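# Structural description and commentary
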Amino acid sequence: MKHLIIKLYLLTTFCCFSQNEQERFRIVASEFQSSYNESNDKDIYGMFDAVMKTYLSLEQTSNLLNTIRSNFGLIENMQFLGINNSAHMYRTTYELGVSDILIALNNKNKISGFFIPKNLSENILKRERNATKMIFPFKEEAFVFWGGETKEANYHMADINQQYAYDILMVADGSSHKGDPTKNESYFVFGKDIIAPCDAKVVKVIDGIKDNIPGEINMKDLTGNTIILKTANQEYVLFAHLKLNSILVQEGNLVKQGQVIGQCGNSGNTSEAHLHLQLQNTADLFNTVGAKLYFEEIIVNGVVKKDYMPVKEDFVKNKRKFTD
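In this text the structure is predicted, and so the values were computed from the model without any measurement. (Residues numbered from 1 in each chain as written. Predicted model: local features only at pLDDT ≥ 70, side-chain atom pairs only at ≥ 80, totals over all residues. Heavy atoms only, no water.)

Here we take up the environment of glutamine 278. Among the structural elements, glutamine 278 can be located in strand E14 (residues 275-280). Residue glutamine 278 is classed as buried on the basis of its relative accessible area, which comes to 3%. When the C-alpha positions of glutamine 278 and tyrosine 164 are compared, they lie 7.0 Å apart, and in sequence the two are 114 residues distant. Setting aside residues up to four positions removed in sequence, glutamine 278 forms contacts with Asn161, Gln162, Ala165, Tyr236, Val237, Leu238 and Thr288. Side chain to side chain, glutamine 278 and histidine 276 meet in a polar contact 2.7 Å long. (Helix = DSSP H or I, 4+ residues; strand = E, 2+ residues; numbered from the N terminus. Buried < 20%, exposed > 50% of the residue type's maximum accessible area, 1.4 Å probe, protein only. Contact = heavy atoms within 4.5 Å. Polar contact = N/O pair within 3.5 Å; in protein donor to acceptor, adjacent residues only side chain to side chain.)

This is how it looks when you write it as structure tokens:
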């Protein structure tokens, strides 16, 4: 996410702040925080002056605020820092990070300038790896087509949003399918149950996207039918390319480890059935940073591995059996 700027206000220097917060700014900041957390974007737009509204429409404002929510979450508090050219600066703590917000008001207490320096990548909660113990998301053995820490083993490493992601399918006799290669049902992994790797909350569901004919791709709906889970440790697990109408959960649901949440499919930017699986630091599909995903105890190529991150061409299954 690039710099978030609503009307370029005069930002000359941030030195020599006055320390006296004006009451009218305190009220506006409090109203902004409440409306932001309640997703009342129309109310926030109503706080803008006429000049601000020439820069952003209501739709653009809502899109911008939703992007901030996706990257940072809700606002926990806004702490007054000081004054610069009559604008007030607030150190804003979100669920997932910290940034400074600068607010300017006109003489009618309407917002005439609003500035968020950027998506502070140095402050947003980063993940080296998962803290939550995870199981493998299939009941059966599966094959890691892309996985690992190098571009040679894992082409996802070229994109920070997807780094360390897995592409998982199933293989028998050196092939991912048997029979007509133009039919999804010929692919061993198509329709296989996807299970929750841990206890978590469902924070994102995309459904209703048709499965592709193998060999064709859908560039419009990149992740296809999708689920994102949020762990108690503020980690996000993304499952992409699921089967049409197979998703069994809704946003807001709590799921238990091992619970079936959907089925593997061939929807979105994919040429054949597989599961795209990744750990990331936000609920956003594209403005996020990928992290390493380790599994607590799995069998890899016939050998039990503990706290292991699979790599390309590993055959993987859970040590513990999961049944319906």
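Moving on: the packing of aromatic side chains. Counting across every chain of the model gives 11 aromatic pairs. Ring centres 6.2 Å apart and planes at 70° place the aromatic pair tyrosine 36 and tyrosine 94 in the edge-to-face group. Note that tyrosine 36 is positioned in helix H1 (residues 23-37) and tyrosine 94 in strand E3 (residues 87-94), a separation of 58 residues in sequence. Accessibility assignment for this pair places tyrosine 36 and tyrosine 94 in one class, buried. In this structure an aromatic cluster arises from ring pairing among Phe32, Tyr36, Tyr94 and Phe114. A cation over a ring is seen here: arginine 69 above tyrosine 36, with NZ or CZ 4.7 Å from the ring centre. Lysine 312 extends its terminal NZ or CZ atom over the ring of tryptophan 146, reaching a point 4.2 Å from the ring centre. (Phe/Tyr/Trp six-rings, centres within 6.5 Å; stacked < 30°, edge-to-face > 60°. Lys NZ or Arg CZ within 6 Å of the ring centre and 35° of its normal.)

Counting 41 residues, the largest nonpolar core has Phe138, Ile227, Leu229, Phe239, Ile261, Leu275 and Leu277 as the members making the most contacts within it. Elements that contribute at least two residues to this core include exactly strand E6 (142-146), strand E7 (166-169), strand E9 (200-206), strand E10 (225-230), strand E11 (236-242), E14 and strand E16 (295-300). Every residue in contact with leucine 229, bar those within four places of it in the chain, is listed here: Ala196, Pro197, Ala200, Lys201, Val202, Val203, Glu235, Tyr236, Val237, Phe239, Val255 and Ile261. In terms of nonpolar packing, the next biggest core, distinct from the first, is built from 27 residues, Ala29, Ile68, Met78 and Phe114 among them. (Core = buried A, V, L, I, M, F, W, Y, C linked by side-chain atoms within 4.5 Å.)

The relative placement of two packed helices comes down to the angle between their axes together with the axis-to-axis distance. Two elements in contact, H1 and helix H4 (residues 58-72), have axes whose closest approach is 11 Å; the angle formed by their N-to-C orientations is 80°. Classified by the angle between their axes, H1 and H4 sit roughly perpendicular to one another. Touching Phe32, Ser35 and Tyr36 of H1 are Leu65, Ile68 and Arg69, all from H4. Broken down by class, the residue content of the contact of H1 with H4 amounts to 4 nonpolar, 1 polar and 1 charged. (Axes fitted to C-alpha atoms, helices over the stretch in contact; angles between N-to-C directions. Parallel < 35°, antiparallel > 145°, perpendicular 65-115°, else oblique. Nonpolar A, V, L, I, M, F, W, Y, C, P; charged D, E, K, R; others polar.)

The subject of this paragraph is the environment of phenylalanine 143. Here phenylalanine 143 shows up in strand E6. Accessibility expressed as a relative area gives 12% for phenylalanine 143, which makes it buried. When the C-alpha positions of phenylalanine 143 and proline 310 are compared, they lie 9.7 Å apart, and in sequence the two are 167 residues distant. Setting aside its immediate chain neighbours within four residues, phenylalanine 143 contacts Asp167, Ile168, Leu169, Met170, Val171, Glu313, Asp314 and Phe315.

As enumerated under the stated definition, the model contains 11 salt bridges in all. A salt bridge links arginine 69 to aspartate 41; the shortest N-O distance between them is 2.5 Å. One end of the pair, arginine 69, is in helix H4; the other, aspartate 41, is in helix H2 (residues 41-46), and 28 residues separate them in sequence. Comparing arginine 69 with aspartate 41 shows no difference in burial state: the two are buried. (Salt bridge = Lys/Arg side-chain N within 4 Å of Asp/Glu carboxyl O.)

On the surface, a nonpolar cluster with roughly 380 Å² of combined accessible area is contributed by Ile217, Met219, Leu222 and Phe286. For phenylalanine 286, the location among the structural elements is in the loop between E14 and strand E15 (290-291). (Patch = residues over 30% accessible without salt bridge, like charges linked within 9 Å, V, L, I, M, F, W, Y side chains within 5 Å. Areas by Shrake-Rupley, 256 points an atom, 1.4 Å probe, with all protein chains shown as cover.)

Below, the discussion takes up the side chain of serine 246. Structurally, serine 246 is set in the loop between E11 and strand E12 (254-255). Using a relative accessible area of 7% as the deciding quantity, one classes serine 246 as buried. Discounting residues that sit within four places of it in the chain, serine 246 has contacts with Asp207, Ile261, Gly262 and Gln263.

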